[in-house]
Amino acid sequence: MMNKTCKTFLILLMAIGAASMRVDAAVTAGNLRCEYLYDPIGLDVAKPRLSWILESKERNEGQSAYQILVASKPELLAKDQGDIWDSGKVASSESTQIECGGSPLVSRQMCWWKVRTWDRSGAPSAWSEGARWEMGLLKPQDWQAKWIEATPMLAPAHGAPRISIIQATYEAVDKTQSKDVTAIVAKALQGNQLRFEVTNEALGNVARGHAKQLHVIYTLDSIKHEMYVPEKATVNLPEGPEALPYLRKDFDSGKAVVKARRYVTALGLYELHLNGQRVGDHIFAPDWTDYSIRCRYQVYDVTP
């Protein structure tokens with residue numbers, strides 16, 4: 001038979017074991033995200049939404065409450081202080097799209113945050129690993145930049161081929177009718193480039209029901225050439241791919257760089273380079289929208 005002392009000792013061991021298992025089984029929070037992103041920068045949502053994923057070694061576990069801390073400095077967060085927001089213990093099973101409360105956020109503000117949870121039995125977890133986010137530009141007046149564009153080429157660049165239109169004729173392919181359009185085509189010559197769409201609207205319908213073409217005689221660096229461009233096609237002189245604008249500017253930071261961000265957008269597409277290196281991996285930036293209404297922008301951390 002088991003004596004009373006041994007029985008008590010066994011019960012005590014079982015209780016200690018159960019307590020240890022209870023701590024191990026408490027749910028924890030991981031994969032912290034803000035606006036569905038990991039450590040995002042450039043957020044322009046006034047109250048960013050926070051999410052996390054619950055983890056547990058036990059089956060059929062769940063979250064009964066949570067507490068979120070948001071701090072202005074990582075040192076404060078490490079001391080379990082949320083000077084921007086301390087949600088306190090909130091009885092809820094929600095773990096997605098929790099709006100950040102507390103004091104209003106401002107442009108370019110850095111925020112560090114973490115969360116802890118309580119399991120179904122009310123046991124608290126340890127604090128999660130810290131995460132962060134950075135606000136973008138919340139007000140129009142925060143934008144200091146101005147739109148820039150390539151200056152139209154009003155004169156041939158040094159070494160560029162010189163174009164001169166001698167004669168242009170819009171004609172039926174079967175040669176039954178034609179019209180002299182030299183003045184129209186010459187007027188379309190901008191600087192030293194000719195980009196001109198061959199249409200009836202631009203040149204006049206000289207032969208209804210007939211296939212038409214534009215016949216251009218021109219000189220390129222004093223050498224005579226001629227070309228035939230079918231209707232609805234585009235004249236492209238000098239021939240070859242059209243050059244894309246390449247805008248470049250030098251600047252001196254003046255001081256040692258502690259933090260650097262680039263806020264960039266375009267009415268079209270852009271690719272950003274800094275010191276000869278491409279910035280970011282965004283393709284088709286800044287993303288398509290109706291440019292007459294709004295234009296997206298990207299924020300890049302270029303501190304390194």
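Everything numeric here is computed off the predicted structure, so don't read it as measured data.

Student: What exactly am I supposed to notice about the pattern of salt bridges here?
Tutor: Pairing between side chains of opposite charge can happen when the charged atoms of each approach one another. Inspection of the entire model under this criterion finds nine salt bridges. Measuring nitrogen to oxygen at the nearest pair gives 2.9 Å for the salt bridge that ties Glu-171 to Lys-175. Note on Glu-171: relative accessible area 6%, which makes it buried. One salt bridge connects Arg-248 with Asp-250, and the closest N-O pair in it is separated by 3.6 Å. Both residues of the pair, Arg-248 and Asp-250, belong to the exposed class.

Student: Could you clarify how one ought to interpret the sheet that holds strand S2 (residues 49-55) in this entry?
Tutor: Adjacent strands of a sheet pair through backbone hydrogen bonds, lying either parallel or antiparallel. Strand order in the open sheet formed by three strands is S1-S2-S6, and the pairing between neighbours is antiparallel. The two strands at the open ends of the sheet, each matched to only one other strand, are strand S1 (28-34) and strand S6 (98-99). Two elements, S2 and S6, share two bridges in a ladder whose sense is antiparallel. Of the residues in S6, the one forming a bridge with Leu-50 is Ile-98.

Student: So what exactly am I meant to see when it comes to the pairing of strand S3 (residues 63-71) here?
Tutor: For a regular strand, side-chain orientation follows a simple rule: the groups alternate between the two sheet faces. The element S3 is largely enclosed, with a buried count of eight among its nine residues. Looking at chain direction, S3 and strand S5 (residues 90-91) are connected through two bridges and run antiparallel. Bridge pairing links Tyr-66 to Val-90 in S5.

Student: How do you make sense of the side chain of Thr-117 when you look at a structure like this?
Tutor: In this fold, Thr-117 is placed in strand S7 (residues 110-119). Relative accessible area serves as the criterion here: at 0%, Thr-117 is assigned to the buried category. Within polar-contact distance, the side chain of Thr-117 engages the backbone oxygen of Val-27 at 3.2 Å. Every residue in contact with Thr-117, bar those within four places of it in the chain, is listed here: Val-27, Thr-28, Ala-29, Trp-52, Leu-54, Gln-63, Ala-65, Tyr-66, Ala-123, Pro-124 and Ser-125.

Student: How should the environment of Glu-94 be read in this particular structure?
Tutor: Secondary-structure assignment places Glu-94 in the loop between S5 and S6. Filtering out sequence-adjacent residues up to four positions away, Glu-94 remains in contact with Trp-52, Gln-63 and Tyr-66.

Student: Looking at this structure, I do not really get the packing of aromatic side chains. What am I missing?
Tutor: Counting across every chain of the model gives three aromatic pairs. With a centroid separation of 5.4 Å and an interplanar angle of 65 degrees, the aromatic rings of Trp-52 and Tyr-66 are classed as edge-to-face. One end of the pair, Trp-52, is in strand S2; the other, Tyr-66, is in strand S3, and 14 residues separate them in sequence. When the centroid spacing of 5.1 Å and the interplanar angle of 90 degrees are considered together, the rings of Trp-143 and Tyr-297 count as edge-to-face. Taken together, the residues Trp-143 in the loop between strand S8 (131-134) and strand S9 (163-172) and Tyr-297 in the loop between strand S18 (277-278) and strand S19 (298-301) connect sequence positions 154 residues apart.

Student: How should I be thinking about the sheet that holds strand S15 (residues 234-237) in this particular structure?
Tutor: Read across the sheet, three strands follow the order S11-S12-S15 without closing on themselves; strand pairing throughout is antiparallel. Taken across any chain shown, the strands that pair with only one partner, and hence form the sheet edges, are strand S11 (189-190) and S15. Pairing analysis gives four bridges linking strand S12 (residues 193-197) to S15, with the strands arranged antiparallel. For Glu-197, the partnering residue across the bridge sits in S15 and is Thr-234.

Student: Sorry if this is basic, but what is going on with the environment of Arg-49 here?
Tutor: With respect to the helices and strands, Arg-49 occurs in strand S2. Separated by 50 residues in the primary sequence, Arg-49 and Glu-99 place their C-alpha atoms 4.4 Å from one another. Ignoring any residue separated from it by four or fewer positions in sequence, one finds Arg-49 in contact with Arg-33, Cys-34, Glu-35, Tyr-36, Gln-97, Ile-98 and Glu-99. Reaching out from Arg-49, the side chain makes a polar contact with the side chain of Glu-35 at a distance of 2.8 Å.

The rules behind these values
- Residues numbered from 1 in each chain as written.
- Predicted model: local features only at pLDDT ≥ 70, side-chain atom pairs only at ≥ 80, totals over all residues.
- Heavy atoms only, no water.
- Salt bridge = Lys/Arg side-chain N within 4 Å of Asp/Glu carboxyl O.
- Buried < 20%, exposed > 50% of the residue type's maximum accessible area, 1.4 Å probe, protein only.
- Pairing = 2+ DSSP bridges.
- Helix = DSSP H or I, 4+ residues; strand = E, 2+ residues; numbered from the N terminus.
- Polar contact = N/O pair within 3.5 Å; in protein donor to acceptor, adjacent residues only side chain to side chain.
- Contact = heavy atoms within 4.5 Å.
- Phe/Tyr/Trp six-rings, centres within 6.5 Å; stacked < 30°, edge-to-face > 60°.

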